[in-house]
Structures are given as structure tokens and as C-alpha cells.
Amino acid sequence: MRSCWFMLKRIFKLCPRKVLFVKHHSTDSSHQKLISLLQSCKRTAEIIQIHGLMVKNGLDCVPFTLSKLLAAATLDEAHQLFDEFSGGKDMVSWNTLMGGYLCVSQYLVVIDFFRQLHCSDFDIGKATILTVLSAAGELNCIPGGKSLHGYCVKVGFFSDLDVVSALISMYGKIGCISLGHKMFDEVDVKDVVLWNCLIDGYAKNGLLEEALNLLDSMKLAGLKPNASTLVGLLSACSTSGALALGQCLHDYVEGQHLVLDEVLGTALVDMYAKCGLLSKAIDVFERIEHKDVQCWTTMISGYGVNGEAKNAISLYHIMEEQERVRPNEVTFLAVLNACSHAGLVTEGISCFNKMVQHYGLKPKIEHYGCIVDLLGRAGLLEDSHKIIKNLPVEGDTTAWRALLAACRIYGDVELGEIVKEELEQGHDVHPADSLILASTYAIAGRIQDHPEKNRAPVEEVESVHSGRKDAGCSTIQLSSNIWEQGS
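What you see is a predicted model, and the numbers here were worked out from it, not measured in a lab.

What counts, and at which threshold
- Residues numbered from 1 in each chain as written.
- Predicted model: local features only at pLDDT ≥ 70, side-chain atom pairs only at ≥ 80, totals over all residues.
- Heavy atoms only, no water.
- Helix = DSSP H or I, 4+ residues; strand = E, 2+ residues; numbered from the N terminus.
- Expected span 1.5 Å × (residues − 1).
- Core = buried A, V, L, I, M, F, W, Y, C linked by side-chain atoms within 4.5 Å.
- Buried < 20%, exposed > 50% of the residue type's maximum accessible area, 1.4 Å probe, protein only.
- Contact = heavy atoms within 4.5 Å.
- Phe/Tyr/Trp six-rings, centres within 6.5 Å; stacked < 30°, edge-to-face > 60°.
- Lys NZ or Arg CZ within 6 Å of the ring centre and 35° of its normal.
- Salt bridge = Lys/Arg side-chain N within 4 Å of Asp/Glu carboxyl O.

(A) Structural detail: helix H14 (residues 208–220). Taking 1.5 Å of rise per residue, the 13 residues of H14 would be expected to cover 18 Å, and the 19 Å separating its terminal C-alpha atoms lies within 8% of that figure. In the segment just after H14, Gly222 is the residue with positive phi, at about 90°.

(B) The arrangement of the nonpolar core in detail. Judged by nonpolar contacts, the single largest core of 120 residues is most densely connected at Ile129 and Leu403. In this structure, Leu403 is in contact with Val372, Leu381, Ser384, His385, Ile388, Leu415 and Val419, ignoring residues within four places of it in sequence.

(C) Molecular detail of the packing of aromatic side chains. Counted according to the given criterion, the structure contains eight aromatic pairs. Both rings, one in Phe332 and one in Tyr359, keep their centres 5.8 Å apart while their planes meet at 55°; by these two values the pair is tilted. With a gap of 27 residues between them, Phe332 in helix H21 (residues 329–342) and Tyr359 in the loop between helix H22 (345–358) and helix H23 (365–377) connect regions that are remote in the sequence. Given the relative accessible area of 12%, Tyr359 is considered buried. An aromatic cluster of at least three residues, connected via ring pairs, comprises Trp94, Tyr101 and Phe113. Cation over ring: Lys190 sits above Phe184, and NZ or CZ is 5.1 Å from the ring centre. The residue whose ring lies beneath Lys291 is Phe285, and the NZ or CZ to ring-centre distance is 5.0 Å.

(D) View of the pattern of salt bridges. One pass over the full model with this rule turns up 13 salt bridges. Note that Lys354 and Glu320 form a salt bridge whose closest N and O atoms lie 3.0 Å from each other. In this pair, Lys354 is assigned in helix H22 and Glu320 in helix H20 (residues 309–322), connecting sequence segments 34 residues apart. Judged by relative accessible area, which is 29%, Lys354 ranks as partly exposed.

Pasting the structure below:
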């Protein structure tokens, strides 16, 4: 493990004037003054400098020092500091680190930290429980979720509405919303947040009729649904293609004169775009007064998934140049996806370069996958191969499979064999890879050269060679009598 002192030395070189200021205080002032100085610091470099001087001079490091450092450092640095910290670790320090791992989807690490806390003498508070419940829901572990429920009852958290809401949300994520509903019924005084969690849980499990019935029950109970109530339902409509239900919810928004803010507006845009009503999505988008980056990104993605790549790129330029909204990684992914499906090579490469060089954003494997797919669709297979071989992300097969699919389109058997071998060496063997390679031989007119050990069933290869494939289908609900808006 890299020593913290290496990091401190690097910081000392970067900020010599601040170091001299801190050194002056460390020699002439008391320990308490150093702590006061630490409390006033905002920059990571300053915090680490003061901490280093305290360690160097043999001063006791209080838990506040660690909490301040963890909040300012990167996750890797925070974990390293946490492990090497010699002073007492308080609950704020634990919660800060657990929250960091929750944000980067390292849910098992969060659970492991909770186990360590449970075996220690720490008094676990509500903030810790909320973090752990959120991680447990994402892990989709029913026994673990029930155990946490029992723990909350045992230690007396069940009377806290925030914890109950988190438990209901967890049960919704792990597919046990009926247990969440049972908890909901046991609460005497229910607020809007509690109703929202239950409605969202039913919506996430595809139980839209039950969710809409709860919406009516919520109104009968004298509580007015807000934007958060409807966002979860609209998201479920987007996923299931329940267009009629989504339109009913839109009518409710207008009938109740709810503010079409960026959150609710974005959910409506996403629903209409994914259900194929691009004109309605554009209409809602134009009516949103204050658009954030997520709102712009959703509309750009909507253009892309509906085959209007040039409009997606135009909107991206308006967002960036006219509205001065800074795009993020998801925005660029939406633009690259649109370019990939439309074969806009020049625009896609330009967008990718701007993301890296102008905005300093670090591409993820999904971005590289789009570039590989873009070049592959345009027939630039060797260029795609060179990009993959130089990828900074190892062990991911997304880009390799995109190239394998491109090899199939152009019948490049030799490169297809190389890609297939790379996938096998990565120990990520999938039956579809063999079928795609067999299809590549068939499209190239070389099915007789295909090795027997990788030969797909004859009828499947012939089906691909003749241009036939199994029929697919998608469902969009055009009419429904599931729910009628109440007065």
C-alpha cells in the first residue's frame, strides 16, 4: 500500500507557501489551534498538509481530522487514510467512507463495513442504517434485507419514518414489496415520503395498477402527490411501454397545475421518447423553464433512440454553445450512441476528442464501446481493433463483442477469429460468440472453412446466411382502462 507520506510530500511541493504558514503555527501554537486551523480549511491540499504536520510532530490525531480528510480525498486515498489512521475513528469517519463506497456502487464493501461496526463498541446511528439499507436494496438479497429489518426493530429504529421509508424502498428493490406494504400499514401517521416509497416500490416491480390505486388512496387520505410521487411511475411507464398510463399521469400533472420542473419534466420527456412519441417529448422539453444537464441529456438520448442522430448532435451543440450547460459523461454517451447508430464517424470522433481534451472527462468502457461500434459499422475494423488493444480498461468484453458484431456485418473472418480468441482468453465465453463467428463465415461465403469445434447448428447458420432471423417484438400500450383519473 502506498504510504500517505508520499502523498504529503507531493502536496508540500505543490503548496510551499501554505506549508510555511502551517509550520509556523505548528511550532508556535498549540494542538488546539492546529485543529481550529484544520476546521477552517476547504482545500484537500491544505487539510492533508496540516494532518501530516500533526503526525510528524507526534500530536494526537482526533477523529475530526480523519472525517475532514475522508470528505476531501478521493475514495482510494480516503480508504488508505482510514486504514493508516492511528487515532480514534468516530462514526462520522465510518459513515463518510461508507457513503463514498455507496456512491460508486461498491455495495458489498458497505455491508462489510456494517458487519465490522456491528461487532465493535460503536453506537450505530440512523445515518449508518440508511446507508446500509440503500446498499442492501441494490444487492437484491432477500435474507440480508430481512435481517436488517429485524435489526432495525431490535434497536428501536422502527419508530423513525426515515428508516421505515428506507426499509420500504429496500423491499421494493429486492422484489418483496408486499412486506413493505405490511410495514406501511403499521405506521399510524404517514407522510408524503412514505407514500412515495410504497408507490415507487410497486411501480419498480411492474405492478402499475396497484401503484395507481395507491395514488388514489393517497389523495383520499388528504395528501397531495408531488413530483417525486409521479417520477417513479413515469419511469415504470417508460420501461414497460405503458404509454396510455404515462399520458394519464401527464394529464394529472396539468390538471393539478404541478410545476414542470427539471425532474418531473425530464421523466415525462424520457417516457414519451421511449414510447416513440418524439413530438410530445419535444413539446414537454421546450416547456421546461430551467433545464439541467440531465434534462438536456434525456432529450439528446430521445432523439438518438428514435433515429434522429443529426437532431441529437444539433441539440448537443445548442446545450453546449448557446445555453452554456456543461455536458457530463452520460451526455457524451448519448451523443456517441446516436452517432454510432447513424454511422456519423466524423461527428462521433470529434465528440469523443472534445470529451477528453476539452472537458477532461475520463472515458469509460461504454464510451470506448460506442467508438468501436461506430468505426465497426463504418467498416473501419482495423481502427476499431487498434483502439481496443490500447484500452485503459482491462477485463471488459463490451468493446470486443462490438467488434465481433462488426466483423459479422463485413464478413471479416480473420479478424473475427482473433476477437473470438481474445474473448476466450478473457474467460468470458458466451454461446452467442460462436454463433456470431459462424455467421461471419456464412456471410463471407466460407461456411465450409468454419472449424467443426465452433460450428453452430446448421439451421441457425443457414438462417443467418439467408437473412432470416427469429421475429422480435416490443409492446407499447396504446389504450388502457386500468386507471381513470379521479377528481
